[in-house]
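The lines below spell out each chain.
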Amino acid sequence: MRRALSVMLSCAALASTACASGTAQTAGEPSPSGRRAMSYERPQYATTYERRAYPPVVIRNATILTAAGEEISSGSIYFRDGRIVAVGRSVDAPADAVAVDGTGKFVTPGIIDTHSHLGVYAAPGTTAESDGNEFPVKPNTSYVWAEHSFWPQDPQIPLAIAGGITTIQVLPGSANLFGGRSVTLKLVPGRSVQEMKFPGAPYGLKMACGENPKRVYGPRGGPASRMGNMAGYRAAFIDAEEYLQKWEKWESDQSGDPPERDLGKETLAGVLTGEIGINNHCYRADEMMQMIDLGREFGFTIRSFHHAVEAYKIADKLAEAGTAASVWADWWGFKEEAMDGIKENAALLTQAGARAILHSDSGSGIQRLYQEAAKAMFAGQRAGIAVTTNDAIRWITANPAWVLGIDDATGTLEAGKMADVVVWSGDPFSVYTKAEQVYNDGWLVYDRNDPERQPRMDFELGQVEHD
Amino acid sequence: MLGSERAANGAKVRVVRSTLAGLMAAALALPAVVSAQTIAITGGRVFPVSGPSLENATVLIEDGEIVAVGTDVSIPAGASLIHAAGKWVTPGLISGFTQLGLVEISAVSGTNEASMAESDISAAFNVLEGINPASQLIPVTRVDGITTVLSAPSGGLIAGQAVLIDLHGESVEEMLIASPAAMVAALDEGAKDSGGGSRAGSAGRLRKLLDDALDYEARRDAYRRGETQELAAPAADLEALLRVLEAEIPLLVAASRRSDIEAALRVATDYGLQLILRGAEEGWQVADRLAELGVPVIIDPLANIPSYDAPSPRLDNAAALSGAGVPVIIMAAGFQYSHNARNVRQGAGHAVSYGMGWDAALRAVTLEPATAFGIADRYGSLEPGKVANVVVWSGDPFEFSTAVEAVFIRGEQIPLTSRQRELLERYKTLPPAY
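Residues numbered from 1 in each chain as written. Chains lettered and ligands numbered in written order. Predicted model: local features only at pLDDT ≥ 70, side-chain atom pairs only at ≥ 80, totals over all residues.

Moving on, we get to the overall build of chain A. When helices and strands are counted, chain A shows 12 helices and 17 strands. For a compact globule of 467 residues, the expected C-alpha radius of gyration is about 23 Å, and chain A comes in at 22 Å, within 12% of that figure. By its C-alpha atoms, chain A is 65 × 55 × 45 Å across when sized along the principal axes. Put simply, chain A has 467 residues, and 58% of those count as buried. Intrachain contacts of chain A at a sequence separation of at least 6 include 71% that bridge at least 24 residues. (Helix = DSSP H or I, 4+ residues; strand = E, 2+ residues; numbered from the N terminus. Rg over C-alpha atoms; globule rule 2.2 N^0.38 Å. Buried ≥ 20, exposed ≤ 12 C-beta atoms within 10 Å, placed from the backbone. Contact = placed C-beta atoms within 7 Å.)

Now for the domain arrangement of chain A. Taken domain by domain, chain A comprises domain 1 (1-42) and domain 2 (110-412). The straight-line distance from the C-alpha centre of domain 1 of chain A to that of domain 2 of chain A is 27 Å. (Domains from an automatic or database assignment.)

Here the focus is the domain arrangement of chain B. Residues and elements named next belong to chain B. Domain boundaries assigned for chain B yield domain 1 (31-92 + 380-434) and domain 2 (96-377). For domain 1 and domain 2, the distance between their C-alpha centres works out to 29 Å. Elements supplying a minimum of two residues to the side of domain 1 that touches domain 2: β5 (88-91), β14 (390-393), β15 (404-409) and α14 (419-427). Looking at which element gives the most residues to the side of domain 1 that touches domain 2, the answer is β15, with three residues. Its residues placed into classes, the side of domain 1 that touches domain 2 shows 14 nonpolar, nine polar and four charged. (Nonpolar A, V, L, I, M, F, W, Y, C, P; charged D, E, K, R; others polar.)

Before going further, it helps to spend a moment on the pairing of strand β17 (residues 443-447) of chain A. All names here are of chain A. The sheet contact formed by strand β16 (residues 435-440) and β17 spans four bridges and is antiparallel. Bridge assignment links N440 to a residue of β17, and that residue is W443. Linking β16 to β17, which pair antiparallel, is a turn of two residues; within it D441 sits at a positive phi near 60°. (Pairing = 2+ DSSP bridges.)

Right, let's get into the sheet that holds strand β13 (residues 328-330) of chain B. Within a sheet, adjacent strands bond to each other through the backbone by hydrogen bonds, running parallel or antiparallel. Residue and element names in this part refer to chain B. Strands sit in the order β6-β7-β8-β9-β10-β11-β12-β13 across an open sheet of eight strands; the sheet is mixed. Because the sheet does not close on itself, it has two edges, and the strands there are β6 (93-98) and β13. Here the average twist between neighbouring strands, direction ignored, is 25°. Judged from the four bridges that link them, strand β7 (residues 146-151) and strand β8 (residues 158-166) form a sheet pairing that is antiparallel. Following the sheet pairing, S151 is matched in β8 by V163. Docked against the sheet, helix α11 (residues 344-353) engages β6, β7 and β13, running at close to 135° with respect to β13. (Axes fitted to C-alpha atoms, helices over the stretch in contact; angles between N-to-C directions.)

What follows is about the confidence of the model for chain A. Taken over all residues, the pLDDT of chain A has a mean of 93, while the share at 70 or more is 92%. Within chain A, the element-level pLDDT minimum falls on helix α2 (residues 17-20) of chain A, averaging 35, and the maximum on strand β15 (residues 421-424) of chain A, averaging 99. (pLDDT = per-residue confidence, 0-100.)

Within α11(B), 10 of the 10 residues are buried, which leaves it mostly tucked inside the rest of the structure. Remark: G355(B) follows α11(B) within two positions and exhibits a positive phi of approximately 105°.

Moving on: the interface of chain B and chain A. At the interface, 36 residues of chain B touch 41 residues of chain A. At the level of elements, α11 and α14 of chain B are the ones that each hand at least two residues to the side of chain B that touches chain A. When residues of the side of chain B that touches chain A are assigned to their parent elements, the largest contribution, five residues, is made by α11(B). Across the side of chain B that touches chain A, the residue classes break down as 19 nonpolar, 15 polar and two charged.

Residues and elements named next belong to chain B. Note on placement: A185 falls in strand β9 (residues 176-186). For A185 and Q336, which are 151 residues apart along the polypeptide, the C-alpha to C-alpha distance reads 20 Å. If we skip the residues at most four places from it in the chain, A185 touches L157, I158, A159, L206, L251, L252 and V253.

Residues and elements named next belong to chain B. Buried within helix α7 (residues 235-245) are the following residues: D237, L238, A240, L241 and V244. The buried residues of α7 occupy an angular sector of 160° when projected down its axis, which confines them to one face. Along its buried surface, α7 packs onto β8, β9, α5 (199-218) and β10 (251-255). At the C-terminal side of α7, A247 shows a positive phi close to 55°. (Arc of directions from axis to C-beta.)

Our focus in this paragraph is the packing of helix α5 (residues 226-253) of chain A against helix α6 (residues 263-272) of chain A. All names here are of chain A. Where α5 contacts α6, the two axes come as close as 8 Å, and the packing angle between them is 85°. It follows from the interaxial angle that α5 and α6 lie roughly perpendicular. Between α5, through A236, F237, D239, A240, E241, Y243 and L244, and α6, the contact on the second element is made entirely by K265, L268, A269 and L272. For the contact of α5 with α6, the class distribution of residues is eight nonpolar, no polar and three charged. (Parallel < 35°, antiparallel > 145°, perpendicular 65-115°, else oblique.)

Residue and element names in this part refer to chain B. For chain B, per-residue confidence averages 93 on the pLDDT scale, and 92% of positions sit at 70 or higher. Taken together, the stretch residues 1-21 has pLDDT below 50 and engages in 13 contacts with residues farther than four places along the chain or on a different chain. Here residues 26-31 is a poorly scored stretch, pLDDT under 50, and it has 12 contacts once near neighbours within four places are set aside; other chains count. With pTM at 0.94, the complex prediction returns an ipTM value of 0.93.

Bringing unusual backbone geometry into the picture now. P124(A) follows A123(A) through a cis peptide bond whose omega is 10°. Structurally, P124(A) is set in the loop between β6 (111-116) and α3 (156-161). Looking along the chain, the bond that leaves S179(B) and enters P180(B) is cis, with omega of -10°. Inspection of the secondary structure puts P180(B) in strand β9.

Attention now moves to the pairing of β10(B). All names here are of chain B. Most of β10 is tucked away: five of the five residues are buried. In β10, alternate side chains face the same way, and those of L251, V253 and A255 on one face and L252 and A254 on the other are all buried. Pairing of β9 with β10 involves four bridges; the strand directions are parallel. Opposite A186, over in β10, you have A254 as the bridge partner. In this sheet, strand β11 (residues 275-279) lies alongside β10 in parallel orientation, the contact comprising five bridges. Among the inter-strand pairings, A254 is bridged to a residue of β11, identified as R278.

For the rest of this paragraph, the subject is the packing of α5(B) against helix α8 (residues 258-271) of chain B. Axis angle and axis distance: for two packed helices, these are the angle between their axes and the distance between the axes, and together they describe the pair. Residue and element names in this part refer to chain B. Relative orientation of the contacting elements α5 and α8 amounts to 15°, with a least axis distance of 11 Å. Our classification of the angle between α5 and α8 gives roughly parallel. Where α5 crosses over α8, the two elements pack in a sense that is right-handed. Residues R199, A203, L206, R207 and L210 of α5 lie in contact with α8, whose contacting residues are D260, A263, V267 and Y271. Looking at the contact of α5 with α8 residue by residue, the class counts come to six nonpolar, no polar and three charged. (Left-handed = near helix turned anticlockwise from the far one by under 90°.)

All names here are of chain A. Tracing the sequence through the fold places Y78 in strand β2 (residues 71-80). Residue classification places Y78 among the buried positions, given that 22 C-beta atoms sit within 10 Å. With 10 residues separating them in the primary sequence, Y78 and G88 have C-alpha atoms 9.1 Å apart. For Y78, the contacting residues outside a window of four places in its chain are V58, V85, A86, V91, A93 and A97.

As structure tokens, then:
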């Protein structure tokens, strides 16, 4: 199964371009062992993402927040063919580069949201677009994939782009202990989700703690308690271990029929082999500690807690565990496990050496993640916590990139990285600032001053417009 | 005040009644709690809202009231001095639509008092006695510079009566500014069930209620004798609606799409009501008409996600409405409009970034709500004779970087503490000291 899984994960989970371009086996071809290829060996909903052509760009005389430790005033950045070539006080750029005057403007990496339901809870928000939760089917729906719900015509997509978002992780909802597989997308217009899938990004698994699964399944046969939740996770991972062992055995001896394929266990086995990261909706500090222990039992490290309103209470433990916390700046009180939310959460996490992220979980909040970072940063500073603008920018760029396993590709402004770049009208931590230009992979996907570069979804056609 | 004194005399039952009657009719009563202190906030950049800003100015507070605002105010001996050089001084902000005091934990029904589920016509339902002055939300909100809120019921076609409270006091009597401050109703998608599944049904039922209230008023005696046809609501609800029909209190109607806004305007015009709109995401399409009729709108400047209830919302809605001359009131964003009632600051700043004038945005969280709810003679600006709700800021109140330096409610300086700040202090160093 190790090999089987790695085939699955390199072609499907990792969505590599090699699979997309057809180098993987196709249906009906014999495998190297002479047998017919199995379903899991074929391309699994592979990315068809292609970078849009755009001329090289040089932005000069801007304040550049690289998210890699530098704040360069009067700096420049040059990118071409989707790659950042140079960032610095001055850069060399060829004459054919489009020159953008950055005077008075700020430049940051494209913003990344670890927690979005765009496309799966799409606007206009009727039950017809409600595709984010297998609810209330059963507590373990690890077999579903969020991408199979994703509607690329969600009119919230261009709104998020206008807020400087270049990458999102789309997650299933939190009704279930195991919600299903997430998908990481480049936030560009596309006719299918496959056109948006971030090349090479690993999959994530959505899990949920606490009140939601209890509330939904309590009256439906359980789990009805937090201990029931824990028992549910453990039972599922015990099954997944057994599944993984069967496949590994069959892969090594190829004797007899292959084990029966199980989509849910396949995903959990991916967690056990380290190829799928866990994104865990979890509010309370004590519960997060239980989940860290669950990871110890089954040999994985949770990639990020989400919402994590009490993360600051165990910031040191999260730092030690190497688990990130994706939090809101100021949401609180909508349920009991959310009562202890404080604005300084991200700052306290950063102070303790843990990895903090500002996430949205909202089609509205995703448009202003930079404002959420501002709230959290200034609240921290007012409380005497030494958080910097670099820390705050990392909360919405480099740190979420790490959670999604794409930090080698994006999340900072450094030579060689994907040219995911936002030009802001001013300091992104001011309430008066807006994204003016958004480059995704070097393509100008949004320009506030050019109506031709403001993508619109089909839904918006025919609606009343401003004169 | 009434309750404790009279209760001491032993007339408890009767007293509760007269307290209630007193409270319900308490609009524009003098604040029950005032500070006897004299306070001079000196040297600040003062935004009176009623007039242009003043540099290096003084706000003088005596006995809970503002007595002088200006650059040449003489400070009485013995006044407590608040040095505000380099600071900005504004009226306490008003969050124009909340359920503060009525909702503690949204998902815990035992802590929610904002809805009368019994009926979708709850005109007689006044939220006042549901308000919990010990709510954790109150300190969380006021340490961000919000000193006054509308606290409103929700649900159904007519949700009930909203009240205005200051965010300070140990009892509702102490907090109360005006009750009722508005009758809360809905003509948006959420009210369709009250219309038998049709918007036309909702509007028709609202008209029938108003007709029956008038009919009831004309024939109260016949009603008591049971000699009238069955009316659309119990007498108590119709009595409450008469106050709306007399334009004594505004009808505050949730309406999002243009056609719903226009339905509300027709009802208000036909019955001579004082109308306030809430939501009004497509208000920009009828801004001139709203301005002509002088209808205030309570909006969330961040609302821009299309729905069938409002397919064309825009981030420049506030700017368009304000620019046309519509009185704009800002409420906090989204589902967190109570817990984050403090975020009217962000909403106001965001409205400015999308074209609303800065002064208009400040009015939208001070003088406009005070005017719309009929308390502008006591609230909403820094002028002599007004209640001393004053905030000292380190800078622009709409900026995230700005700190709240001091908050005065009815002339009393409020400690800048909240449960959230206590959590911060407890967990700032780990492990915490319990």
